[in-house]
Amino acid sequence: MNTVSRRDFIKTSGVGVLMVSFSMTGSASQNPDYGLRAPKLVAKDQLDSWLTIDRNNKITVFVGKVDLGTGTKTALSQIAAEELYVPFERIEMIMGDTATTPDQWITGAAITISQGGNELRQAAANARQALLARAADKLQVSISELTIQDGNIFSVNKPQQKLSYGSLIGEGFKLKVDPKTPQKKYTDYTLIGKSIQRVDIPGKVSGEYLYVHDFRLKGMLHARVIRSDVAGARLLNVDDSECKKLKGFVQTVRKDNFLAVVCKDEWSAVKGAQIIRVSWGSGKELPNQANIYDAWRKMPVAKQELTQNVGNITTAFENSVRRVKATYNFAMQTHASMGPSCAVADFQNGKLTIWSASQATHSMQHEIAVLTGLPKEAIRLVYLDGSGCYGRNGHEDATADAALIAQIIGKPVRVQWMRHDETALAPKSPPRSMDFEASFDDKGNITGWKSDFYIALNHIAAFKPLDFPLLATTEVGIPRPGNWVGFLFQNSGAPYTLPNIQVNTRHIEQTFFRASHLRSPGRIENSFANESFMDELAYAAKSDPAEFRLKHLSDPRAIAVIKAVMKASNWQTRSGINTNNSQDASLRGRGISYVRYNNAITYVATVAEVEVNRTTGKIRVIKLYVAHDCGQIVNPDGVINQIEGGAIQTVSRTLMEEVKWSGSKITSVDWASYPILTFPEIPKVETVLIDQPGQPSWGAGEQTPTTIPAAIANAVFDASGVRLRTIPFIPETVKAELNAIKVA
């Protein structure tokens with residue numbers, strides 16, 4: 001087979017070639033202060049922590065949340081501008097800088113808008129009210145006589161006497177945030193509810209946007225950290241003699257089990273990591289992957305909790321005429337961010353500054369303090385966009401790597417992970433196994449619902465710093481036990497109105513791999529089981545799956561999203577599987593799934609249309625219809641972005657993603673061994689947004705994914721009669737199930 005190099009292709013191809021280059025070094029490389037803002041007040045209860053206004057009426061807003069590519073910088077700016085009665089363009093927003101922004105906890109749990117946005121809204125309302133009071137005093141009128149337009153305050157009786165915000169600000173507000181200050185009425189909104197263009201997209205399209213990977217400091221060195229792909233292996237011996245022959249080699253850094261090569265340029269660091277000679281001890285033996293769910297169930301249980309208990313399940317089962325049972329499993333998965341993680345750190349004069357893509361910069365102050373022994377006040381984290389995360393991927397580990405190396409060598413350093421680092425070594429979501437049983441009476445009504453969930457014990461406490469087992473921290477001998485996986489019991493409760501319910505959660509003490517929260521943690525696995533089982537009950541009751549759900553719901557908003565998705569998808573009511581497939585090579589079906597996230601906030605209903613190849617077992621998701629009610633919508637286009645992105649990612653998780661290992665060695669190390677959905681496989685996504693003006697605004701990033709796995713599973717059953725109960729739905733499994741039906 002002839003091969004053509006990239007250079008030869010460019011030289012010999014008969015087409016014009018456009019060569020484009022971008023300079024992405026960032027302004028920090030030229031400025032001794034790195035272009036950073038001076039540290040300022042950050043206490044959450046102080047109004048000056050949230051915003052500043054200069055004499056020219058420029059408003060800078062400071063928030064502790066970060067925009068992980070989700071469009072929240074735009075949405076939060078809309079909230080601030082709305083409450084301050086200024087044009088959207090007037091707002092400049094600083095996010096996630098621990099020296100200038102208040103600590104609003106991590107960016108996650110689908111609370112950036114509901115919690116972070118509401119805190120910002122309240123601060124902005126306080127600022128507006130304070131400025132009105134100052135204007136009233138200057139103009140010698142009552143506040144009720146004043147109005148605001150574009151950041152200018154004037155009396156309705158003397159509109160020519162305008163006072164700008166900048167002319168009133170003086171030396172700041174010097175006030176505490178009053179939680180009782182009235183916010184703007186939703187009926188007066190002019191910005192919230194509008195699809196304002198995202199502020200980050202133009203720079204990303206042009207290539208001018210600064211990612212953490214592009215960030216450079218003057219005199220910065222480059223490092224690669226060397227780690228074993230064997231779980232729990234200890235570092236025994238190091239020989240860096242070959243590294244010393246590299247032109248750009250600077251030094252090797254070793255502290256206990258932590259090992260890195262530091263070089264003047266990145267390619268030398270890559271080569272150094274490849275040629276350094278390292279011997280490792282043996283790792284811990286992992287359970288056989290073929291029996292992973294049995295092994296998971298046998299792990300020590302730290303506690304059991306009765307998550308939901310309604311009526312008397314024992315009596316319901318005893319008096320039933322029919323019972324249905326099923327078991328569901330959800331594989332371990334990894335974040336698989338498209339670009340490996342990166343961070344830059346500098347340690348000078350006892351102070352450590354780190355540029356990081358962490359979703360939890362304020363928590364990382366604490367975590368880095370534990371690693372380095374520095375006081376928290378000596379550590380500053382500055383957020384820069386990374387390649388995206390859906391929870392805690394490798395960003396925080398790369399941040400810790402850079403911090404430790406910078407502290408040891410006393411020079412600015414950039415740590416860039418490689419593809420195998422990100423895929424193999426970033427934290428994983430834990431496995432899940434779930435048992436279900438339900439009972440019917442002689443009229444086909446559900447009389448009892450019982451479920452048992454085997455979940456990982458969680459150590460995250462809401463609004464508290466994390467003590468996550470960062471790789472660097474554990475490698476230098478600082479013990480950090482625990483599973484930082486999120487609130488995995490959420491959505492285990494039955495989402496329907498039933499007379500007798502018993503839901504039990506078994507919290508397993510330790511996971512097989514270092515675990516973290518992965519998008520929609522717990523909710524996605526629990527909803528997969530709940531909604532798959534509800535579909536099985538609908539089939540057992542000889543009912544249409546959508547109508548069966550409506551029969552067991554009383555919440556008007558829940559009913560509305562299901563009816564909306566039925567209408568959008570042109571749902572055809574029927575009981576049983578699709579009988580129109582005949583002997584076609586490709587079987588087509590549709591399935592429905594519903595969730596109220598945490599059984600408390602956002603409502604979502606999804607219909608999936610799928611095609612199942614009878615010969616290969618491959619599933620193709622053709623189209624997804626999503627009806628979505630997250631309360632008052634701030635930016636409709638931003639919500640649609642989140643729905644589409646979450647849906648597409650979860651199709652990938654449902655059909656193909658699974659961490660693999662052999663013995664004690666992780667074998668999922670790249671896109672070949674951990675494949676994800678490709679562009680030709682992406683389904684169309686049609687969304688129906690149900691706006692609720694005046695209602696609280698809830699999250700939109702984690703909710704849709706919880707409905708996707710069951711919608712696909714139920715669609716496959718409709719197409720083929722095959723019940724898929726273990727994720728991922730790989731072709732080999734589907735084909736075996738199809739063949740089993742033939743034999744039966």
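Numbers given to residues run from 1 along each chain, matching the order in which its sequence is written. Local features are withheld for residues below a pLDDT of 70 in this predicted model, meaning they are given only at 70 or higher, and side-chain atom pairs are given and counted only at 80 or more; totals for whole chains, interfaces and linings count all residues. Heavy atoms throughout the structure, all of them, feed into the side-chain values; hydrogens and water do not.

### A short note on the pattern of salt bridges
The condition that has to hold: When a carboxyl oxygen of Asp or Glu lies within 4 Å of a side-chain nitrogen of Lys or Arg, that pair is called a salt bridge. Strands are runs of DSSP state E lasting at least 2 residues, helices are runs of H or I lasting at least 4, and numbering of each runs from the N terminus. Burial classification: accessible surface area is computed with a 1.4 Å probe over protein chains only, and a residue below 20% of its type maximum counts as buried, one above 50% as exposed, and the rest as partly exposed.
Applying the stated rule across the entire model yields 42 salt bridges. With its nearest N and O atoms 2.9 Å apart, the salt bridge here joins Lys58 to Glu92. Placement of Lys58 in the loop between strand 1 (51-53) and strand 2 (59-63) and of Glu92 in strand 3 (residues 91-95) is noted, with a sequence separation of 34 residues between them. The partner of Asp467 in a salt bridge is Arg480, and the shortest N-O contact between them spans 3.6 Å. Residue Asp467 is located in the loop between strand 19 (446-456) and helix 12 (471-475), and its partner Arg480 is located in the loop between helix 12 and strand 20 (501-508); the two are separated by 13 residues in the primary sequence. Residue classification places Arg480 among the partly exposed positions, given a relative accessible area of 22%. Put simply, Arg198, Asp200, Lys204 and Asp385 are held in one network by salt bridges that share partners.

### Describing the side chain of Asp544
Which entries qualify depends on this criterion: N or O atoms within 3.5 Å of each other form a polar contact, as long as, within protein, one can give a hydrogen and the other can take it, and as long as residues adjacent in sequence are counted only when both atoms are side-chain atoms.
Along the chain, the position of Asp544 falls in the loop between helix 13 (523-540) and helix 14 (545-551). Take Asp544: its relative accessible area is 5%, and that puts it in the buried class. Side-chain polar atoms of Asp544 contact the backbone nitrogen of Glu547, separated by 3.0 Å. A polar atom in the side chain of Asp544 sits 3.1 Å from the side chain of Trp571.

### Structural notes on the packing of helix 2 (residues 72-84) against helix 3 (residues 112-139)
Rules: A fitted line through C-alpha atoms represents every axis, and for helices the fit uses only the stretch in contact; the resulting angles, taken between N-to-C directions, go from 0 to 180 degrees. Angle categories: roughly parallel below 35 degrees, roughly antiparallel above 145, roughly perpendicular from 65 to 115, and oblique for all the rest. Two helices that cross are described as forming a left-handed crossing if the nearer one is turned anticlockwise from the farther one by less than a right angle, and a right-handed crossing if clockwise. Whether two residues are in contact is decided by their heavy atoms: any pair within 4.5 Å suffices. Here the nonpolar group is Ala, Val, Leu, Ile, Met, Phe, Trp, Tyr, Cys and Pro; Asp, Glu, Lys and Arg are the charged ones; every other residue, Gly included, is treated as polar.
Between helix 2 and helix 3, whose axes approach to 8 Å, the crossing angle comes to 30 degrees. It follows from the interaxial angle that helix 2 and helix 3 lie roughly parallel. Crossing angle aside, the handedness with which helix 2 passes helix 3 is right-handed. Of the residues in helix 3, those touching helix 2 at Thr72, Ala75, Leu76, Ile79, Ala80, Glu83 and Leu84 are Thr112, Ile113, Gly116, Gly117, Leu120, Arg121, Ala124, Ala125, Ala127 and Arg128. For the contact of helix 2 with helix 3, the residue count by class is 10 nonpolar, four polar and three charged.

### A few points about the nonpolar core
Applicable threshold: To form a nonpolar core, buried Ala, Val, Leu, Ile, Met, Phe, Trp, Tyr and Cys residues must be joined to one another through side-chain atoms within 4.5 Å.
In terms of nonpolar packing, the biggest core is built from 147 residues, with Leu352, Ile405, Ile619, Ile712 and Phe729 touching the most fellow members. With residues up to four places along the chain from it excluded, the contact list for Leu352 reads Ala345, Asp346, Phe347, Ile368, Thr372, Leu374, Ala378, Ile379, Arg380, Ala403 and Ala406. In this structure, Leu51, Ala75, Leu76 and Phe88 belong to the second largest nonpolar core, which totals 42 residues.

### Quick notes on the sheet that holds strand 2
For clarity, the cut-off: Pairing between strands is defined by DSSP: at least two bridges between the two strands are required.
Spatially, three strands are ordered 1-2-3 in an open sheet, and the strand pairing comes out mixed. Where the open sheet ends on each side, the last strands, each with one partner, are strand 1 and strand 3. Averaged over neighbouring strand pairs, the angle between their axes works out to 20 degrees when direction is ignored. Pairing between strand 1 and strand 2: three bridges, direction antiparallel. Directly across from Ile53, in strand 2, lies its bridge partner Ile59. Packing of helix 2 onto the sheet brings it into contact with strand 1, strand 2 and strand 3, and relative to strand 3 it is tilted by some 130 degrees. Against the sheet, helix 3 engages strand 1, strand 2 and strand 3, with an angle of about 35 degrees to strand 1.

### Notes on the state of the cysteines
Note the cut-off: Any pair of cysteine sulfurs within 2.5 Å is marked as a disulfide.
Within the structure shown, the criterion is met by zero disulfides. Not engaged in a disulfide, the cysteine Cys243 finds its nearest cysteine sulfur in Cys263; these two sulfurs lie 7.1 Å apart. Owing to a relative accessible area of 0%, Cys243 belongs among the buried residues under this scheme. Free cysteine Cys389: the closest other cysteine sulfur is in Cys342, separated by 14 Å.

### As for the sheet that holds strand 26 (residues 684-689)
Spatially, 21-22-23-26 is the arrangement adopted by the four strands of the open sheet, whose pairing is mixed. Taken across any chain shown, the strands that pair with only one partner, and hence form the sheet edges, are strand 21 (586-596) and strand 26. Along the sheet, successive strands turn relative to each other by an average axial angle of 15 degrees, direction set aside. Direction of pairing for strand 23 (residues 619-629) relative to strand 26: parallel, over a ladder of six bridges. By the bridge assignment, His628 is partnered in strand 26 with Leu689. Running at roughly 145 degrees to strand 21, helix 17 (residues 708-720) makes contact with strand 21, strand 22 (603-613) and strand 23 of the sheet.

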